[in-house]
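Summary of structural features
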Amino acid sequence: ICVLGILQEKDVAGIVEALDPVVDHFVVTQSQSDRALSVADLADTVAEIAGPDRVDARPTSDEAMARALDLAGTEGGVVVTGSITLVAEVVERSA
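The rules behind the values
- Residues numbered from 1 in each chain as written.
- Predicted model: local features only at pLDDT ≥ 70, side-chain atom pairs only at ≥ 80, totals over all residues.
- Heavy atoms only, no water.
- Helix = DSSP H or I, 4+ residues; strand = E, 2+ residues; numbered from the N terminus.
- Expected span 1.5 Å × (residues − 1).
- Buried < 20%, exposed > 50% of the residue type's maximum accessible area, 1.4 Å probe, protein only.
- Arc of directions from axis to C-beta.
- Contact = heavy atoms within 4.5 Å.
- Pairing = 2+ DSSP bridges.
- Axes fitted to C-alpha atoms, helices over the stretch in contact; angles between N-to-C directions.

Another point: helix H3 (residues 61–72). The end-to-end C-alpha distance of H3 is 16 Å, a good match for the 16 Å that 12 residues give at a rise of 1.5 Å each. All buried positions along H3 are accounted for by Ser61, Ala64, Met65, Ala68 and Ala72. Across the axial projection of H3, the buried residues extend over an arc of 100°, all falling on one side. Buried residues in H3 make contact with strand E1 (2–4), strand E2 (26–28), strand E4 (79–81) and helix H4 (84–94).

Along the chain, Thr29 turns up in the loop between E2 and helix H2 (39–50). Among all residues touching Thr29, those that are not within four sequence positions of it are Val3, Leu4, Gly5, Val39, Leu42, Arg58, Pro59, Thr60, Ser61, Ala64 and Leu86.

All right, on to helix H1 (residues 12–19) then. Burial in H1 covers these residues: Val12, Val16 and Leu19. The buried residues of H1 occupy an angular sector of 65° when projected down its axis, which confines them to one face. Those residues of H1 that are buried are in contact with E1, E2, H2 and E4.

Ordered in space as E3-E2-E1-E4, the 4 strands form an open sheet in which the pairing is parallel. Each edge of the open sheet carries a strand with a single partner, namely strand E3 (55–57) and E4. If you compare each strand with its neighbour and ignore which way they point, the axes differ by 25° on average. Bridge analysis of E1 against E4 gives 3 bridges, and the strand direction is parallel. Within the sheet, the bridge partner assigned to Cys2 lies in E4 and is Val79. The sheet contacts of H2 involve E1, E2 and E3, and relative to E2 the element is tilted by about 160°. Running at roughly 135° to E4, H4 makes contact with E1 and E4 of the sheet.

The next thing to look at is the environment of Val23. For Val23, the position within the fold is in the loop between H1 and E2. Considering only alpha carbons, one finds Val23 and Arg54, 31 residues apart in sequence, at a separation of 9.0 Å. Excluding residues that lie within four positions of it along the chain, Val23 makes contacts with Cys2 and Arg54.

What follows is the structure in structure tokens.
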């Protein structure tokens, strides 16, 4: 399961295309950065590339992590990527 948040100036489609073959499900969100791409815009792009059945959208990183952990269950894993600001939020809240 991939928790994904990307900043506006990044190659969103390129990032999603690179992750698509190795990700079972995307949970998209946005960091608190002013430069973060909106959840709706990111969800639309991910759905176009990976298919709408492989995308969940959550407004905050906390909600995205909760959904990702639920989807992963006890046997799966979660990766957080796309933006260092998103990774920093998740790490900070996990500490």
